[in-house]
Amino acid sequence: MSTKNIEELEKEFQAKIDADIKIEPNDWMPEAYRKTLMRQISQHAHSEIVGMLPEGNWITRAPSLKRKAVLLAKVQDEAGHGLYLYSAAETLGLDRESSIDDLHSGKAKYSSIFNYPTLSWADMGTIGWLVDGAAIMNQVPLCRCSYGPYARAMVRVCKEESFHQRQGFEIVSLLANGTPEQKQMVQDSLNRFWWPSLMMFGPNDDNSPNSAQSVKWKIKRMSNDELRQQFIDVTVPQAEMVGLTIPDKDLKWNEATGHYDFGAINWEEFNQVIQGNGPCNKDRIDARRNAKENGAWVREAANAFAEKRKKKELTH
Amino acid sequence: MSSKEWPLWEVFIRSKQGLSHKHVGSLRAADAQMAIDNARDVYTRRSEGISIWVIESKLVTASDPDESAELFEPADSKIYRHPTFYNVPDGISHM
């Protein structure tokens with residue numbers, strides 16, 4: 001055991017962070033760093049898992065076998081991302097079962113975006129384009145996060161997400177160039193998902209109390225507002241290219257700043273959704289709880305089978 | 001009801017013939033066979049591997065990071081183990 005006092009340990013820890021040396025699971029770390037990461041990584045994992053639900057809604061109704069195969073592969077990837085992240089969080093001492101129970105009891109949060117319904121096939125396009133697009137914006141800087149297992153998981157996730165965004169944009173672009181009804185369908189979808197996508201980056205910087213510490217620890221590399229602006233700047237020209245209109249009358253290019261100016265975000269809606277009052281919060285949690293409860297016999301059977309096989313091996 | 005959580009497994013993947021297995025992450029599974037099957041789905045969806053090893057995480061013994069200074073210091077002080085420690089006269093090649 002180390003005989004150093006806590007101030008010395010904290011100083012050495014911060015010096016490692018400042019020198020861009022990654023922190024690994026067994027290294028000493030401040031309790032607050034561990035807690036912050038456990039909360040962030042488990043929320044991220046929950047988001048991946050809950051994120052399968054809005055898209056899962058359309059697997060049986062995909063318009064072609066090709067689209068169905070693609071959507072299945074995408075949803076399977078989201079499951080994989082959730083698993084990488086749960087195991088990254090476990091390296092910090094997170095208990096996976098109780099973390100999942102926290103999700104199911106409403107104690108743990110997940111991304112607000114997944115509490116919106118998927119009403120049309122066009123939403124599969126918009127989600128890939130905007131929601132996965134925003135997720136990539138958020139996750140690319142996390143590949144350089146100071147905690148090794150989280151950074152490594154993010155590298156894998158980012159590699160896989162780019163397929164998600166492209167398949168989404170392909171759907172959007174085909175519909176936008178399709179019949180007037182198809183174009184209307186995808187415009188309607190963009191109208192519904194635009195603002196919730198911007199909310200994915202979290203509160204404004206001056207309203208995000210934990211950000212400064214996370215930046216100091218290099219868990220967070222860019223601020224919420226910087227990432228949101230970057231997302232808007234790259235997405236607006238994509239919408240224009242396929243002839244869709246961003247539902248923001250205040251959106252305009254600002255020559256002086258080199259960025260788009262945009263309208264006010266409805267933070268009251270964001271807070272309501274976070275607090276559990278979004279359109280689908282209850283459905284999502286019910287679906288997760290049912291999946292766990294109805295799948296309990298499978299987990300028990302697998303345990304029983306493993307026990308039986310172990311006994312057999314011992315008697316041979 | 002047995003609510004026993006499945007054990008944690010560490011997963012190692014050989015990406016191609018000629019390379020060694022490399023640690024890629026971990027997962028939960030009831031037994032070794034299920035760990036292999038799950039590792040296939042979780043870690044090789046894009047042809048990342050041709051061979052998988054799994055081992056229960058609790059069986060791994062790791063060195064203590066708090067002792068890494070003492071543990072690895074002997075190698076740091078033996079710079080004569082590196083070829084750059086030695087002077088080779090001008091004109092000598094293939095060495």
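Let me sum up the structure you'll find in this document. Quick caveat: nothing in here was measured; it's all calculated off a predicted structure.

Turning our eyes to something else, we now look at the overall build of chain B. On a plain count of helices and strands, chain B comes out with 2 helices and 3 strands. Of the regular secondary structure in chain B, the N- to C-terminal order runs β-β-α-β-α. Against the globule reference of 12 Å for 95 residues, chain B gives a C-alpha radius of gyration of 21 Å, more extended than a compact globule. The C-alpha extent of chain B, read off along each of the three principal axes, is 75 × 35 × 15 Å. In chain B, the proportion of contacts linking residues at least 24 apart, taken out of those at least 6 apart, comes to 43%. Element-wise, carbon and sulfur atoms account for 56% of the exposed surface of chain B, whose accessible area totals about 7,000 Å². Distance from the positive charge centre (11 side chains) to the negative charge centre (14 side chains) of chain B: 9 Å.

Attention now moves to the interface of chain B and chain A. Taken together, the contacts link 21 residues of chain B with 25 residues of chain A. For the pair chain B and chain A, the summed buried surface comes to about 2,000 Å²; carbon and sulfur atoms form 46% of the total. It is Glu5(B), Arg45(B) and Arg46(B) in chain B that bury the most area against chain A; as a group they hold 25% of the surface buried on that side. Applying the counting rule to chain B against chain A returns 7 salt bridges.

To continue, consider the packing of helix α6 (residues 122–142) of chain A against helix α7 (residues 148–176) of chain A. Residue and element names in this part refer to chain A. In contact at an axis separation of 7 Å, α6 and α7 are set at 150° when each is read in the N-to-C sense. Of the possible angle classes, the one that applies to α6 and α7 is roughly antiparallel. As α6 packs across α7, the resulting crossing turns out to be left-handed. Residue composition of the contact of α6 with α7, grouped by class: 15 nonpolar, 10 polar and 2 charged.

This part is about the pattern of salt bridges. Residue and element names in this part refer to chain A. Here the structure, examined in full by the defined rule, presents 31 salt bridges over all chains. Glu170 is the salt-bridge partner of Arg67, the closest N and O atoms lying 3.0 Å from each other. Of the two residues, Arg67 sits in helix α4 (residues 65–90) while Glu170 sits in helix α7, which places them 103 residues apart along the sequence. Its salt-bridge partner being Glu78, residue Lys74 comes within 2.9 Å of it at the nearest N-O pair. Here Lys74 pairs with Glu78, and both are found in helix α4, just 4 residues apart, close to one helical turn. Residue Glu78 is classed as buried on the basis of its relative accessible area of 5%.

Residues and elements named next belong to chain A. Positive phi, close to 60°, is recorded for Asp20, a residue that is not glycine. By secondary structure assignment, the location of Asp20 is in the loop between α1 (6–18) and α2 (31–50). We classify Asp20 as partly exposed; its relative accessible area is 48%. Phi is positive for Lys218, close to 60°, though the residue is something other than glycine. With respect to the secondary-structure elements, Lys218 resides in the loop between α9 (211–216) and α10 (224–241).

This next bit is on the sheet that holds strand β2 (residues 22–28) of chain B. Residues and elements named next belong to chain B. Pairing in this open sheet of 3 strands is antiparallel, and the strands run β2-β1-β3 from one edge to the other. Two strands in the sheet have a free side with no partner beyond their single neighbour: β2 and β3 (51–56). In this sheet, adjacent strand axes meet at a mean angle of 30° when their direction is disregarded. Bridging between strand β1 (residues 8–14) and β3 involves 6 bridges; their strand directions are antiparallel. Opposite Arg14, over in β3, you have Ser51 as the bridge partner.

Below, the discussion takes up the side chain of Asn115(A). Residues and elements named next belong to chain A. With respect to the helices, strands and loops of the structure, Asn115 is situated in the loop between α5 (96–105) and α6. In terms of polar contacts, Asn115 uses its side chain to reach the side chain of Tyr110, at 2.6 Å. The contacts of Asn115, once residues within four sequence positions are left out, are Tyr110, Val273, Gly278, Pro279, Cys280, Asn281 and Arg284.

Our focus in this paragraph is the environment of Met95(B). Structurally, Met95(B) can be placed in the segment after α2 (68–76). Considered as a pair, Met95(B) and Pro74(B) are 21 residues apart in the sequence and their alpha carbons are 27 Å apart.

All names here are of chain A. Checked against the element boundaries, Gln230 lands in helix α10. Take Gln230: its relative accessible area is 32%, and that puts it in the partly exposed class. With residues up to four places along the chain from it excluded, the contact list for Gln230 reads Met137 and Met222.

Okay, the packing of α4(A) against helix α1 (residues 32–43) of chain B next. Packing of α4(A) against α1(B) brings their axes to within 9 Å, and their N-to-C directions diverge by 110°. The orientation of α4(A) with respect to α1(B), classified from their angle, is roughly perpendicular. Judged by residue contacts, Gln76(A), Gly80(A), Leu83(A), Tyr84(A) and Ser87(A) of α4(A) engage Asp41(B), Val42(B) and Tyr43(B) from α1(B). Here the contact of α4(A) with α1(B) is built from residues that sort into 4 nonpolar, 3 polar and 1 charged.

Moving on, we get to the state of the cysteines. Residue and element names in this part refer to chain A. Scanning the entire structure with this criterion turns up 0 disulfides over all chains. Just so you know, Cys145 is unpaired, no disulfide at all, and the nearest cysteine sulfur is the one on Cys143, 9.6 Å from it. Given the relative accessible area of 0%, Cys145 is considered buried.

Procedures and definitions
- Each chain has its residues counted from 1, following the order in which its sequence is written.
- For this description, chains carry letters from A and ligands carry numbers from 1, given in the order in which they are written.
- Under the rules for a predicted model, residues below a pLDDT of 70 receive no local features and side-chain atom pairs below 80 are neither given nor counted, while totals for whole chains, interfaces and linings still include all residues.
- Note: side-chain values were computed over all heavy atoms of the structure, leaving out hydrogens and water.
- We count a stretch as a helix when DSSP gives it H or I for four or more residues in a row; a strand needs E for two or more, and each element gets its number in order from the N terminus.
- The quantity called the radius of gyration is restricted to C-alpha atoms. Its globule counterpart is 2.2 Å times the number of residues to the power 0.38.
- By the convention used here, residues are in contact when the closest approach between their heavy atoms is within 4.5 Å.
- In this description, accessible areas are obtained by the Shrake-Rupley approach with a 1.4 Å probe, and a residue is regarded as covered only by the protein chains that are shown.
- Neither His nor the chain termini are counted; the positive set is Lys and Arg, and the negative set is Asp and Glu.
- To locate a charge, take NZ of a lysine, CZ of an arginine, CG of an aspartate or CD of a glutamate.
- Summed over both partners, the accessible surface that disappears when two parts come together, traced with a 1.4 Å probe, is what is meant by buried area.
- Salt-bridge detection follows one rule: a side-chain nitrogen of Lys or Arg within 4 Å of a carboxyl oxygen of Asp or Glu.
- Between N-to-C directions, angles cover 0 to 180 degrees, with each direction set by a line fitted to C-alpha atoms, over the stretch in contact for helices.
- Should an angle lie under 35 degrees it is considered roughly parallel, over 145 roughly antiparallel, and from 65 to 115 roughly perpendicular; all remaining angles are considered oblique.
- Take the far helix as the reference: if the near one is turned anticlockwise from it by less than a right angle, the crossing is left-handed, and if turned clockwise, right-handed.
- Polar here means any residue other than Ala, Val, Leu, Ile, Met, Phe, Trp, Tyr, Cys and Pro, which are nonpolar, and Asp, Glu, Lys and Arg, which are charged; Gly is therefore polar.
- For every residue, the accessible area obtained with a 1.4 Å probe (protein chains only) is divided by the maximum for its type, and the residue is called buried under 20%, exposed over 50%, and partly exposed between those limits.
- Strand pairing follows a simple DSSP-based rule, namely that at least 2 bridges must link the two strands.
- N or O atoms within 3.5 Å of each other form a polar contact, as long as, within protein, one can give a hydrogen and the other can take it, and as long as residues adjacent in sequence are counted only when both atoms are side-chain atoms.
- By definition, disulfides here are pairs of cysteine sulfur atoms that lie within 2.5 Å.

In short, the description is geometric, and any link to function would need to be established separately.
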